[in-house]
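Overview (structure and organization)
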Amino acid sequence: MGIFDVIRENVTARQAAEYYGVHVNHNGMACCPFHNDRHPSLKLDKRFHCFGCQEDGDAVDFVAKMFGLRTIDAAIKIAEDFNLTVDFQKKESAKERNARIRLAKAKEHENKVRRAYAEEIRQFRLKLSDFFQTFHYWNLEYAPTEDEWNAGTIDERYIVAAKFIDQVGYILEVIDFGNDDDIFEIYKKREEIISKYEREITNAQQRAAR
């Protein structure tokens, strides 16, 4: 078994990150060391992905990026630091070479899919953030006075904001801190969610203008 296979079976990206000093919270999130990250945007598990700078990979990729090493040097560092038994002298057979090439191609395709998924999540989050900011502004700007409240002449924008701001806040929290399954469940409904809040905002603006 080659060094990369040994590491893949024994060391996760999260384990490597924690070993080299990255603090990971209970949700598997951390401040990304690869860009100026003030709020945790790095998701760590078996692999890692940053929703901020889009860095992505396994434990070897993480260590290579963190220490500015070649991939093989990062793999050797992990093997030594984690006391992994690796036969560095073993010559790769033709069968192993072909398997490694197939795996590399599959990984490249997987990474493309992951990057596309991460970008869609990022765009979805930006849209939700816009909705949240709109509702937050409406909640403050159009809050009814006591007379308006008693008379029932409450601005439609305030009503919509009060109704939906917590919903949008919850979805943002799931995207930022939820597990992969919960995020994916939200992701599958993203077009429906976006259409819903766009419609509510448009309708509220039209009713308020009458």
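Residues numbered from 1 in each chain as written. Predicted model: local features only at pLDDT ≥ 70, side-chain atom pairs only at ≥ 80, totals over all residues. Heavy atoms only, no water.

**Here we look at a negative patch on the surface**
Operational definition: Patch rule: a residue counts if its relative accessible area is over 30% and it has no salt bridge; like charges are joined within 9 Å, and nonpolar side chains (Val, Leu, Ile, Met, Phe, Trp, Tyr) within 5 Å. Every accessible area reported is derived by Shrake-Rupley at a probe size of 1.4 Å, with residue values counting cover from the shown protein chains alone. A carboxyl oxygen of Asp or Glu within 4 Å of a side-chain nitrogen of Lys or Arg is what we treat as a salt bridge. Charge convention: Lys and Arg are scored as positive, Asp and Glu as negative, and His as well as the terminal groups of each chain are ignored. Charge coordinates come from a single atom per side chain, which is NZ of Lys, CZ of Arg, CG of Asp or CD of Glu. Type-normalised accessible area, obtained with a 1.4 Å probe on protein chains alone, sets the label of each residue: buried when under 20%, exposed when over 50%, and partly exposed for intermediate values.
A grouping of Asp45, Asp180, Asp181 and Asp182 is seen on the molecular surface, where their side chains present a negatively charged patch. Under the relative-accessibility criterion, aspartate 45 is labelled partly exposed at 49%.

**Section: helix α5 (residues 94-141)**
The condition that has to hold: To qualify as a helix, a DSSP run of H or I must reach at least 4 residues; to qualify as a strand, a run of E must reach at least 2; elements of each kind are numbered from the N terminus. Take the number of residues in a helix, subtract one, and multiply by 1.5 Å to get its expected span.
Given a rise of 1.5 Å per residue, 48 residues ought to cover 70 Å, and the 70 Å separating the end C-alpha atoms of α5 matches this to within 8%. By the burial criterion, the buried members of α5 are Asn111, Ala118, Ile121, Phe124, Leu128, Ser129, Phe131, Phe135 and Trp138.

**Some words on the packing of aromatic side chains**
We count it as follows: Whether two aromatic rings pair depends on their centres lying within 6.5 Å, for rings of Phe, Tyr and Trp, where Trp uses its six-membered ring; planes under 30 degrees apart make the pair stacked, over 60 edge-to-face, and the rest tilted.
Under the defined criterion, the tally for this structure stands at 15 aromatic pairs. Ring geometry for tyrosine 117 versus phenylalanine 184: centroids 6.3 Å apart, planes at 55°, classification tilted. With tyrosine 117 in helix α5 and phenylalanine 184 in helix α8 (residues 180-188), this residue pair connects regions lying 67 residues apart in the sequence. Taking relative accessible area as the criterion, tyrosine 117 reaches 26% and is therefore assigned partly exposed. Phenylalanine 184 gets classed as partly exposed once you look at its relative accessible area, which sits at 39%. Judged by centre distance (5.6 Å) and plane angle (75°), the ring pair of phenylalanine 164 and tyrosine 197 falls under edge-to-face.

**Focus on the sheet that holds strand β3 (residues 48-50)**
For clarity, the threshold we go by: Being paired, for any two strands, means DSSP has found at least two bridges between them.
Pairing is antiparallel in the open sheet, where four strands are placed in the order β1-β2-β3-β4. The sheet is open, and its two borders are formed by β1 (29-30) and β4 (56-57), each paired with just one other strand.

**So, the side chain of serine 41**
Rule in force here: Contacts between residues were defined by any pair of non-hydrogen atoms, one from each residue, lying within 4.5 Å.
With respect to the helices, strands and loops of the structure, serine 41 is situated in the loop between β1 and β2 (42-44). Residue class for serine 41 comes out buried when judged on its relative accessible area of 12%. Excluding residues that lie within four positions of it along the chain, serine 41 makes contacts with Met29, Ala30, Cys32, His35, His49, Cys50, Phe51 and Gly52.

**Structural notes on the packing of α5 against α8**
Quick reminder of the rule: Between the N-to-C directions of two axes lies an angle of 0 to 180 degrees, each axis being a line fitted to C-alpha atoms and, for a helix, fitted only over the stretch in contact. With respect to orientation, any angle under 35 degrees is reported as roughly parallel, any angle over 145 as roughly antiparallel, any angle of 65 to 115 as roughly perpendicular, and every other angle as oblique. Here is the rule for handedness: rotate from the far helix to the near one, and if that takes an anticlockwise turn smaller than a right angle the crossing is left-handed, while a clockwise turn gives right-handed. Each residue gets one label: Ala, Val, Leu, Ile, Met, Phe, Trp, Tyr, Cys and Pro are nonpolar, Asp, Glu, Lys and Arg are charged, and the others, such as Gly, are polar.
One can describe the packing of α5 onto α8 by two numbers: an axis separation of 11 Å at closest approach and a directional angle of 70°. Regarding the angle of α5 to α8, the classification is roughly perpendicular. For the pair α5 and α8, the sense of crossing is left-handed. Contacts between α5 and α8 involve Tyr117, Glu120, Ile121 and Phe124 from the former and Ile183, Phe184, Ile186 and Tyr187 from the latter. Of the residues in the contact of α5 with α8, the class split is seven nonpolar, no polar and one charged.

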